[in-house]
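Examination of the molecular architecture
Below are the chains, spelled out letter by letter.
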Amino acid sequence: MAATVEIDDHNENDNGNMWVLDQKLDQPMDEEAGRLKNMYREKKFSSLLLLRLAFQSLGVVYGDLGTSPLYVFYNTFPRGIGDPEEVVGALSLIIYSLTLIPLLKYVFIVCRANDNGQGGTFALYSLLCRHAKIKTIPNQHRTDEELTTYSRSTFHEQSFAAKTKRWLESCASRKNALLILVLVGTCNVIGDGILTPSISVLSAAGGIKVDHPNMSNSVVVVVAVIILVGLFSMQHYGTDKVGWLFAPIVLLWFLLIGGVGLFNIWKYDKSVLKAFSPVYIYRYFKRGGKDGWTSLGGIMLSITGTEALFADLAHFPLSAVQLAFTVIVFPCLLLAYCGQAAYLINNKEHVIDAFYRSIPDGIYWPMFIVATAAAIVASQATISATFSIIKQALAHGCFPRVKVVHTSKKFPGQVYIPDINWILMLLCIAVTAGFKNKNQIGNAYGTAVVVVMLNTTLIMTLIMILVWRCHWFWVLLFTGLSLVVECTYFSAVLFKVDQGGWVPLVIAAAFLVIMYVWHYGTVKRYEFEMHSKVSMAWILGLGPSLGLVRVPGIGLVYTELASGVPHIFSHFITNLPAIHSVVVFVCVKYLPVYTVPEEERFLVKRIGPKNFHMFRCVARYGYKDLHKKDEDFEKKLFDNLFLFLRLEHMMEGCSDSDEYSLYGQRTEQSRDCLLSYNNGNTTSSSIDLTFSTVDSIAPIKSLTNGDLTVKSYGQASSQTEVDEVEFLSHCRDAGVVHILGNTVVRARRDSRLYKKIAVDYIYAFLRKICRENSVIFNVPHESLLNVGQIFYV
């Protein structure tokens, strides 16, 4: 059994500055999968704590879903109500929509498909990437699968899951189709982030006009725009500073709409409760015909916010989210819709302002204030979800590099993206001021919501097969029922594409083009680096001096390769007469996991013989981790490099001749001592700091930051080790230079027109306006060296 030796930086100062070696046994993958099958196994919460978490979840998770009563009935009957029975039929549809989609599908099924507590489209995609090799940037390695957060399950080779896995992996077009499916869902969530603030705030502000009937609609629009500007201007503070207000506001909102609904049922028409019978759905469609069918676009708005519920799941345990929905959200929403329906049966002409008209006069203005506050909270939830999902897209190489600000030290998932914030604000204002009425915005909103739900259903089908390994009957049952309901809604919203439904389609198409073109360029750049990487034989043939003058200092060469020598290095040394005494190839890569523990983040290897002084450092991040612009990134890199040198010299029985050969092949003796971090390429050679047995490492007595001596059973380390560590320290003091590749991607002359437009114009423009690598890596301007090269695709 092999044991990887790692150090936990957090324990550095514990026990009198003693450092601790964390030895993790290299278990077979089936045992590893069994041990890590559910890393996010929920803790046992006390009843009181569970109630408190459920209360807090109301403000973050259910704000969007809770504000739907503001506009559902008006969007269902934009031309007015003909027969009171139509209201009962619409109410019956709302009741069963809330029961089937948010309650059964999302809260009790989809939310269970979280990635260690993380929700959203890309969380599902990450789960799939761990269970099948479908990632279009193949930069993963077997050592990545040994991460404690890389939980995955195994299945029998002849099982349906294994056959599905092979079917997905066998064709590149299927991988791309799945990626496009994920991107379409993501783009429509971004569309939700634009439409939710528009319709929620406009509907809430519309309450002014109810009390002042002669007021112009333009005044309501202006008030809504002012609220939107204020909302987006406050985003840079983050939700952590004002989040404590959200839960009380939303709880008060649910209690008020539930109470008002109960009052209206008692006052106007108790017979409205007969809508719980599905017979009235049949009568509704029979009586309404095509108009009844197209009104489903309005009914659809009763379940908006369900996808945001899943995307915002990370902040709370699943049991708290389920408790809040079943005890507070679901009953209050049912009462609110039943109350409005009871009021409308007796006041058909008030359908345009059904929510505010149904409020008793004594609490009208307090209700208006709470409604406006709830609309702001709902908007905040979808904006935060948009920021979060864009950060996930960044980690998967599917979005241009933008500035990501972490607004909370307590909650790493709370982020703010300035560029996206202002784009969302402008689009929100354009939608609000352009349409001026919540009917057309509602049509647009319904289109975006149903597309996201369809995407989630299709991805969930793969999750049930590959991750949960469900029986085909349950997969078929879930997929069939979901598609029947959602395709019915989708067919209804198609009739309203020309009445505002085109807006989310245009927005989603624009973001899809941006994301897919960026991802295409990222993949091509990675393929270029892979195919043009330098032969290790060529490097070894240059000798320890690499055929140049070795000047004091350390050169950090940034590359996307986790193995092999990048082409920019050969480009550099063939154009300049000198190279630094120490060269470190730095690869920063994202893995399909929600986080990489700090102690497992860095992998350090040596490249070539010791007198070459060349190393590789791979820094691994999850999609929820803090951005790689860590203030102490360089310090952590060198700490791990020095640690590697100290531990390397503790290995016994391995000589230089055993460790390395011209073609990267190891002798039997070196195999007994080391496990290689080698992808099988015969032109690169590197060493992983992994030992064959636990007993091969003697217990460590002491090691401090300032002491270069490692003691093992009283035996001092060799003079070679001290010399090399001191040599590296002197080189670092002499100066560190960051060498970045600036690869320009261009289309070939014989390429098709669409490819030239995508690569030479769209991708080139995105590269021009996105953040530079030097800014992302926090590289001082005076220590930066860019190496340019052109690559034709």
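Since this is a predicted model, take the numbers as computed values, not measurements. (Residues numbered from 1 in each chain as written. Predicted model: local features only at pLDDT ≥ 70, side-chain atom pairs only at ≥ 80, totals over all residues. Heavy atoms only, no water.)

1. Section: the packing of helix α9 (residues 172–205) against helix α22 (residues 502–531)
Short version of the rule: Axis definition: a line fit to C-alpha positions, over the contact stretch in the case of helices; interaxial angles, taken between N-to-C directions, run 0 to 180 degrees. Each helix corresponds to a stretch of at least 4 residues labelled H or I by DSSP, and each strand to a stretch of at least 2 residues labelled E; elements are numbered beginning at the N terminus. Orientation labels follow simple angle bins: below 35 degrees gives roughly parallel, above 145 gives roughly antiparallel, 65 to 115 gives roughly perpendicular, and whatever is left gives oblique. Take the far helix as your reference; a near helix turned counterclockwise from it by less than a right angle gives a left-handed crossing, and one turned clockwise gives a right-handed crossing. Contact definition: two residues touch when any of their heavy atoms are within 4.5 Å.
At a minimum axis separation of 8 Å, α9 and α22 run at an interaxial angle of 135°. It follows that α9 is oblique to α22 by the angle criterion. Like other packed secondary-structure pairs, α9 and α22 cross with a definite hand, here right-handed. Between α9, through Asn-176, Leu-179, Ile-180, Leu-183, Val-184, Thr-186, Cys-187, Asn-188, Ile-190, Gly-191, Ile-194 and Leu-195, and α22, the contact on the second element is made entirely by Val-503, Pro-504, Ile-507, Ala-508, Phe-511, Leu-512, Met-515, Tyr-516 and His-519.

2. Details of helix α19 (residues 418–435)
Let me state the cut-off plainly: What a helix should span is 1.5 Å times the count of its residues minus one. Exposure classes here rest on a 1.4 Å probe applied to the protein chains alone. A residue is buried below 20% of its type maximum, exposed above 50%, and partly exposed in between. The arc in question is the one traced by the directions running from the helix axis out to the C-beta atoms.
Over its 18 residues, α19 runs 26 Å from end to end, which matches the ideal 26 Å to within 8%, given 1.5 Å per residue. When we look at burial in α19, the residues that qualify are Pro-418, Ile-420, Asn-421, Leu-424, Met-425, Cys-428, Ile-429, Val-431, Thr-432 and Phe-435. Taken around the axis of α19, the buried residues stretch over an arc of 165°, which confines them to a single face. Of the exposed residues in α19, those oriented more than 90 degrees away from the buried face are Leu-426 and Gly-434. In the segment just after α19, Lys-436 is the residue with positive phi, at about 65°.

3. Notes on a nonpolar patch on the surface
The test is simple: Here the term patch refers to residues with relative accessible area over 30% and no salt bridge, with like charges joined within 9 Å and nonpolar side chains (Val, Leu, Ile, Met, Phe, Trp, Tyr) within 5 Å. To be clear on the numbers: accessible area is Shrake-Rupley with a 1.4 Å probe, and residue cover counts the displayed protein chains and nothing else. What makes a salt bridge here is a side-chain nitrogen of Lys or Arg within 4 Å of a carboxyl oxygen of Asp or Glu, nothing more.
Among the surface-exposed residues, Phe-160, Trp-472, Phe-473, Trp-474, Leu-476, Leu-477 and Leu-481 lie close enough to one another that they form a single nonpolar patch of about 800 Å² accessible area. The biggest single contributor to the nonpolar patch is helix α21 (residues 472–494), with 6 residues. Its location among the elements puts Leu-476 in helix α21. By relative accessible area, which is 55% here, Leu-476 ends up exposed.

4. A closer look at the packing of aromatic side chains
Worth spelling out the cut-off: Stacked, tilted and edge-to-face are the three classes applied to pairs of Phe, Tyr and Trp rings, where Trp contributes its six-membered ring and a pair requires centres within 6.5 Å; stacked means planes under 30 degrees apart, edge-to-face means over 60, and tilted covers the rest. The criterion for a charge sitting over a ring is simple: Lys NZ or Arg CZ within 6 Å of the ring centre, and within 35 degrees of the ring normal.
The tally for this structure, following the rule as stated, stands at 22 aromatic pairs. Between Phe-435 and Trp-502 the ring centres are 6.3 Å apart and the planes differ by 65°, which places this aromatic pair in the edge-to-face class. Taken together, the positions of Phe-435 in helix α19 and Trp-502 in helix α22 put the pair 67 residues apart, joining distant regions of the chain. Among the residues examined, Trp-502 registers a relative accessible area of 41% and is labelled partly exposed. Aromatic rings pair up to connect Trp-253, Phe-355, Tyr-356, Tyr-364, Trp-365 and Phe-368 into one cluster. Sitting above the plane of the Tyr-280 ring, Arg-283 keeps its charged end 5.0 Å from the centroid.

5. Considerations on unusual backbone geometry
Phi is positive for Arg-469, close to 55°, though the residue is something other than glycine. In this fold, Arg-469 is placed in the loop between α20 (438–467) and α21. The residue His-613 is not glycine, and still its phi comes out positive at about 55°. Looking at the element boundaries, His-613 is found in the loop between β7 (602–607) and β8 (614–621).

6. A word on the nonpolar core
Counted only if it meets this: Think of a nonpolar core as a cluster: buried Ala, Val, Leu, Ile, Met, Phe, Trp, Tyr and Cys residues, connected wherever their side-chain atoms sit within 4.5 Å.
Formed by 159 residues in total, the largest nonpolar core has its most connected members in Tyr-62, Phe-73, Trp-253, Phe-254, Tyr-356, Phe-399 and Ile-463. No other element matches helix α16 (residues 318–346), which puts 18 residues into this core. When residues no more than four places from it in sequence are discounted, the contact partners of Tyr-356 are Leu-70, Ser-203, Ala-204, Gly-206, Gly-207, Val-210, Tyr-364, Phe-368 and Ala-371. Within the second largest apolar cluster, 30 residues are counted, among which are Val-604, Tyr-621, Phe-633 and Leu-637.

7. Brief notes about the pattern of salt bridges
Taken as a whole, this structure holds 10 salt bridges when the rule is applied. The partner of Arg-130 in a salt bridge is Asp-115, and the shortest N-O contact between them spans 2.9 Å. On the criterion of sequence distance, the pair formed by Arg-130 in helix α7 (residues 121–131) and Asp-115 in the loop between α6 (84–107) and α7 is long-range, its members being 15 residues apart. Among the salt bridges present, the one from Glu-598 reaches Arg-601, with a minimum N-O distance of 3.2 Å. What makes Arg-601 buried here is its relative accessible area of 6%. Put simply, Glu-598, Arg-601 and Lys-636 are held in one network by salt bridges that share partners.

8. Brief notes about α6
With 24 residues, α6 extends 33 Å between its outermost C-alpha atoms, agreeing within 8% with the 34 Å of an ideal straight helix rising 1.5 Å per residue. Taking burial as the measure, the 24 residues of α6 include 17 buried ones, the bulk of the element.

9. Side note on the environment of Phe-495
Checked against the element boundaries, Phe-495 lands in the loop between α21 and α22. Residue classification places Phe-495 among the partly exposed residues on the basis of a relative accessible area of 41%. For Phe-495, the contacting residues outside a window of four places in its chain are Lys-290, Trp-293 and Thr-294.

10. Remarks on the environment of Met-614
In this structure, Met-614 sits in strand β8. The class for Met-614 is buried, based on a relative accessible area of 0%. Residues Met-614 and Val-583, 31 residues apart in the sequence, show an inter-C-alpha distance of 4.8 Å.

11. Digging into the packing of α20 against α22
To be explicit about the condition: Gly is placed with the polar residues, together with every amino acid not listed as nonpolar (Ala, Val, Leu, Ile, Met, Phe, Trp, Tyr, Cys and Pro) or charged (Asp, Glu, Lys and Arg).
Between α20 and α22, the shortest axis-to-axis distance is 7 Å and the interhelical angle comes to 50°. The angle between α20 and α22 falls in the class oblique. Contact with α20, carried on its side by Ala-444, Thr-447 and Ala-448, involves Val-503, Pro-504 and Leu-505 of α22 and no other residues of that element. The residue makeup of the contact of α20 with α22, split by class, is 5 nonpolar, 1 polar and no charged.

12. A word on the pairing of β8
Which entries qualify depends on this criterion: By definition, two strands form a pair when at least two bridges between them are found by DSSP.
Along β8, 8 of the 8 residues are buried, which leaves the element largely enclosed by surrounding structure. Burial along β8 is two-sided: Met-614, Arg-616, Val-618 and Arg-620 facing one way and Phe-615, Cys-617, Ala-619 and Tyr-621 facing the other are all buried. Of the strand pairs in this sheet, strand β6 (residues 578–590) and β8 are connected by 8 bridges, and their pairing is parallel. Paired with Val-586 across the strands is Cys-617, a residue of β8. In this antiparallel pair of consecutive strands, β7 and β8, the connection spans 6 residues, and Gly-608 shows a positive phi of 75°.

13. Some thoughts on the pairing of β7
Judged by how many residues are buried, β7 sits mostly within the fold: 6 of 6 residues are covered. The two faces of β7 match: Phe-602, Val-604 and Arg-606 on one face and Leu-603, Lys-605 and Ile-607 on the other face are all buried.

14. Comments concerning the side chain of Ser-302
Heads up, the rule is: Polar contact criterion, stated in full: a pair of N or O atoms within 3.5 Å, where within protein one must be able to donate a hydrogen and the other to accept it, and residues adjacent in sequence count only if both atoms are side-chain atoms.
Note that Ser-302 resides in the loop between α14 (296–299) and α15 (306–311). Given the relative accessible area of 0%, Ser-302 is considered buried. A polar atom in the side chain of Ser-302 sits 2.6 Å from the backbone oxygen of Ile-299. What Ser-302 contacts, discounting residues up to four positions off in sequence, is Leu-65, Ser-68, Val-72, Ile-94, Ser-97, Leu-98 and Tyr-337.

15. A short note on the confidence of the model for the protein
Keep this limit in mind: The quantity called pLDDT is the predictor's confidence in a given residue, expressed from 0 to 100.
For the protein, mean pLDDT is 78; residues scoring 70 or higher make up 82% of the total. Here residues 1–42 scores under 50 on pLDDT; set against residues more than four positions off or in separate chains, the count is 90 contacts. Contacts from residues 652–719, a stretch scored under 50 in pLDDT, to residues over four places away or in other chains number 154 contacts.

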